[in-house]
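Each chain, written out:
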Amino acid sequence: MSLDAHRHKKQLGQHFLSSPGIVEKIIRAVAPKPGEFIVEIGPGGGALTFPLLRAHGELTVIEFDRDLIVPLAEEGAKHGKLTIVHRDVLKVDFGKLGHGHDVEGPLRLVGNLPYNISTPILFHVMEHAEAVKDMHFMLQKEVVDRMAAEPGSKTYGRLSVMLQAVCRVTPLFDVPPGAFTPPPKVDSAVVRLVPRPLGEAGVKDAAHFARTVAAAFSQRRKTLRNSLSTVCDAEAIRAAGIDPGARAEAVPVEAYVTLSNQLIDAGIQPPEADAL
């Protein structure tokens, strides 16, 4: 099967990028340099893959759809050295992906992420952030807005806090539906994520932090005094420098870090959180 003949699969959330202009903007944003280990998540029809391969000379891609493996390999050989990892991206250990490669420094990740699993992919990558230099992802614009939202905004929420505790989030540019085949029903956007230096955020326990944030946002319309009532009392919230009468969306990332760390010191464990 050729890449041109491949039909998108709705169950895989496939919307293939088909705008050369957008592809060029992404490559300029990535600005690949010799010796870097660049990994593309979900190459799909190769619209970004082959131009990026030509620009860099070498590229590793992670593709789950087995119908795309052979045509990607055949076309990729015409443009440079293409290494294909046929695996579910959620099962890829990014910390080990570069082993055996003659590369300099951490991974650089690129991808037009499948809409239906974009958030799980983001959180999986965050677990391996120490192995990543930066990420340039295309996602639904609504998701990018939530990722980059500031405290007090309507879009600031659990996703904002969890990502910003690990990365610096910078929206780059919007992408209209017409840039894809088939066109999605929503606008998209490209975002840059740069992992913060290890320890910069000060999170003592990532799992505890995640549960604390989930509990805070579990009842958005209620004050933290109420939404965290099963976790801690108002005094514990106040001790972290947070007004117990505030709502979750008004509290900055750093305050959630302080709250989680203080709860750890007090031996308090929030309940298990639902997946985002």
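Everything numeric in this text was worked out from a predicted model, so none of it was measured. (Residues numbered from 1 in each chain as written. Predicted model: local features only at pLDDT ≥ 70, side-chain atom pairs only at ≥ 80, totals over all residues. Heavy atoms only, no water.)

Engineer: Break down the overall build of the protein chain for me, with residues and values.
Structural biologist: A count of helical and extended segments in the protein chain gives 10 helices and nine strands. Taking 19 Å as the expected radius of gyration for a compact globule of 276 residues, we find that the protein chain reaches 20 Å, a close match to that expectation. In the protein chain, which comprises 276 residues, the share counted as buried stands at 48%. Excluding contacts between residues fewer than 6 apart, the proportion of contacts in the protein chain whose partners are at least 24 apart in sequence is 67%. Accessible surface, the protein chain: about 13,200 Å² in total, of which carbon and sulfur atoms supply 51%. (Helix = DSSP H or I, 4+ residues; strand = E, 2+ residues; numbered from the N terminus. Rg over C-alpha atoms; globule rule 2.2 N^0.38 Å. Buried < 20%, exposed > 50% of the residue type's maximum accessible area, 1.4 Å probe, protein only. Contact = heavy atoms within 4.5 Å. Areas by Shrake-Rupley, 256 points an atom, 1.4 Å probe, with all protein chains shown as cover.)

Engineer: So, the sheet that holds strand β3 (residues 58-62): which residues are in play, and what are the values?
Structural biologist: Strand order in the open sheet made by the seven strands is β4-β3-β2-β5-β6-β9-β7, with mixed pairing throughout. Edge strands, defined here as strands with exactly one partner in the open sheet, are β4 (81-85) and β7 (167-175). On average, each strand axis in the sheet is tilted by 20° relative to the strand beside it, whichever way the strands run. Bridge analysis of strand β5 (residues 107-112) against strand β6 (residues 132-140) gives six bridges, and the strand direction is parallel. Bridge assignment links Arg108 to a residue of β6, and that residue is Asp134. Against the sheet, helix α2 (residues 49-56) touches β2 (37-41), β3, β4 and β5, its axis set at about 150° to β3. (Pairing = 2+ DSSP bridges. Axes fitted to C-alpha atoms, helices over the stretch in contact; angles between N-to-C directions.)

Engineer: Which residues make up helix α10 (residues 253-265), and what are the values?
Structural biologist: Here α10 is 13 residues long and its end C-alpha atoms lie 19 Å apart, about the 18 Å a rise of 1.5 Å per residue gives. Burial in α10 covers these residues: Val253, Ala255, Tyr256, Val257, Leu259, Ser260, Asn261 and Leu263. Backbone geometry just downstream of α10 places Gly267 in the positive-phi region, at approximately 75°. (Expected span 1.5 Å × (residues − 1).)

Engineer: Tell me about the side chain of His208, and please be specific about residues and values.
Structural biologist: With respect to the helices, strands and loops of the structure, His208 is situated in helix α7 (residues 206-216). His208 sits in the buried class, given a relative accessible area of 0%.

Engineer: Residue-level account of the nonpolar core, with values.
Structural biologist: Counting residues in each nonpolar core, the largest one holds 56 residues, and the members touching the most others are Phe94, Phe137, Met147 and Tyr256. Among the elements that make up this core, the one with the highest residue count is α10 (six residues). Dropping the residues within four chain positions of it, Met147 is found in contact with Leu122, Leu139, Leu159, Ser160, Leu163, Gln164, Val169, Val191 and Leu193. The next biggest cluster of nonpolar side chains, apart from the first, holds 21 residues, and it includes Leu17, Ile38, Leu82 and Phe180. (Core = buried A, V, L, I, M, F, W, Y, C linked by side-chain atoms within 4.5 Å.)

Engineer: Lay out unusual backbone geometry with the relevant residues and their values.
Structural biologist: With omega at -10°, the peptide bond leading from Thr181 into Pro182 counts as cis. Here Pro182 shows up in the loop between β8 (180-181) and β9 (188-195). Even without glycine at this site, Ala31 takes up a positive phi of about 50°. By the element assignment, Ala31 lies in the loop between α1 (20-30) and β2.

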